[in-house]
Amino acid sequence: RPVIFSGMQPSADSLHLGNYLGALVNWVALQDDSDPIYCVVDLHAITVAQEPKALRENVRRTAAQYLAAGVDLERSTLFVQSHVPAHAELAWVLSTITGFGEASRMTQFKDKSSKQGADATTVGLFTYPVLMAADILLYGTDAVPVGDDQRQHLELTRDLATRFNSRYGQTFTVPEALIPKASARIYDLQDPSSKMSKSATSEAGLVKLLDDPSVTAKKFKSAMTDTGREVRYDRDEKPGISNLLDIYSAVTGRPVAEIEGEYAGRGYGDFKKDLAELVVDRLAPIRARTLELMADPAELDRLLAIGADKAAARAEVKLREVYDRVGFVRRG
Ligand code: TYM
């Protein structure tokens, strides 16, 4: 059974529709015939300043949303990154085979650091993709279900795995990225030229999994569309409608062409109203289940501890192998 690994940052009070359609839906689907490991990446989250109390809450809430969306503990391992020290330990080793220039070329780092300025940008943000490579490589991962924005980080992971293997001998599996077709990149409903992101300046175009259903519906009904009234897919001329068509297609599993046909001659209003309903129907049970799970944090912590034990047992074997390969003396 192929090993699947993926993770999300607990850096907001809710996951958003991009996280869900770009990654989480795939995580759930992949459980049938793989060995999946899903992680709440708190070490990554602190590369941007977090309020400690909020972070603790967001870690549990992120795990709760994975479970509510359908991550099943009978089939998947679910844990919190900081509970397994091997992640930080392997990241250190990998950082010593990562080129400074290579890391400097990561577009997410360039984007984030240029917004923040040099003094606010931390070394942690710079080495973020190396830690991500460690997450993946520790488990002999075959495939990583993520959205399109993680493509470059996956390429770096593959390069580091290959480089380590050729320098020290076969140690790491070189993983593939699993990126969905329709929903690899979901855009902000108010600004269809920017991807949907938890750091959006306004929440009007950010669809949160934990929004009240009435808020979700309103965000769709007031989604920015283009002049014209034809529901037709055209990324350049009609970015707003195209984004909504991608969402519609991802939520229903129906091809875009079929949806265009259904709304031919009917205008934007009907289309947005139906889409609002479809998304609300999909998200409402996830929201309700998340709130239920959040009501019992001790139980969540217990489940996460079981996951951490399972993950740590596997990670330690790989870390030991790496330490042997690089020539560290085993502790006597
Ligand atoms: P993060 O927390 O930013 O996002 C989590 C997942 O959601 C996807 N995603 C999107 N997909 C489509 N449209 C969007 N607008 C959108 N926004 C986010 C992301 O591609 C991602 O799959 N670096 C990772 C976390 C990470 C990780 C890992 C992932 C750390 N270690 C190991 C995989 C394997 C990140 O920042 O995700």
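The name given to the chain in an unreviewed UniProt entry is Tryptophan--tRNA ligase, with Agromyces salentinus as the source organism. Per UniProt, the chain carries the Function (unreviewed entry) text "Catalyzes the attachment of tryptophan to tRNA(Trp)." Quoted straight from UniProt, the Subunit (unreviewed entry) entry for the chain says "Homodimer."

### Quick word on the confidence of the model for the chain
Chain-level pLDDT for the chain is 96 on average; 100% of the residues reach the 70-or-more range. For this predicted complex, the interface score ipTM comes out at 0.99, alongside a pTM of 0.97.

### A closer look at the UniProt feature "binding site: L-tryptophan" (unreviewed entry) in the chain
Sites flagged by UniProt as "binding site: L-tryptophan" (unreviewed entry) map to D135. A residue is classified by how much of its surface remains accessible, and D135, at 3% relative accessible area, is buried. Setting aside anything within four residues of it in sequence, one finds D135 in contact with F5, V41, H44, Q81 and H87. One polar contact links D135 to H87, side chain to side chain, over a distance of 2.8 Å.

### Thoughts on the pattern of salt bridges
The final tally for this structure, using the stated rule, is 26 salt bridges. D234 is the partner of R232 in a salt bridge, and the nearest nitrogen-oxygen pair spans 3.6 Å. Note on R232: relative accessible area 33%, which makes it partly exposed. By relative accessible area, D234 is classed as buried at 18%. Among the salt bridges present, the one from R266 reaches D270, with a minimum N-O distance of 3.2 Å. Taken together, the salt bridges that share partners define one network made up of D13, E203 and K208.

### Some points on the side chain of T121
Note on placement: T121 falls in the loop between α6 (107-116) and α7 (123-137). A residue is classified by how much of its surface remains accessible, and T121, at 16% relative accessible area, is buried. A distance of 3.3 Å separates polar atoms of two side chains, one belonging to T121 and the other to Q116. At 2.8 Å, the side chain of T121 and the backbone oxygen of G117 are in polar contact.

Quick notes on the rules
- Residues numbered from 1 in each chain as written.
- Predicted model: local features only at pLDDT ≥ 70, side-chain atom pairs only at ≥ 80, totals over all residues.
- Heavy atoms only, no water.
- UniProt positions renumbered as here; feature names shortened; annotations may be inferred.
- pLDDT = per-residue confidence, 0-100.
- Buried < 20%, exposed > 50% of the residue type's maximum accessible area, 1.4 Å probe, protein only.
- Contact = heavy atoms within 4.5 Å.
- Polar contact = N/O pair within 3.5 Å; in protein donor to acceptor, adjacent residues only side chain to side chain.
- Salt bridge = Lys/Arg side-chain N within 4 Å of Asp/Glu carboxyl O.
- Helix = DSSP H or I, 4+ residues; strand = E, 2+ residues; numbered from the N terminus.

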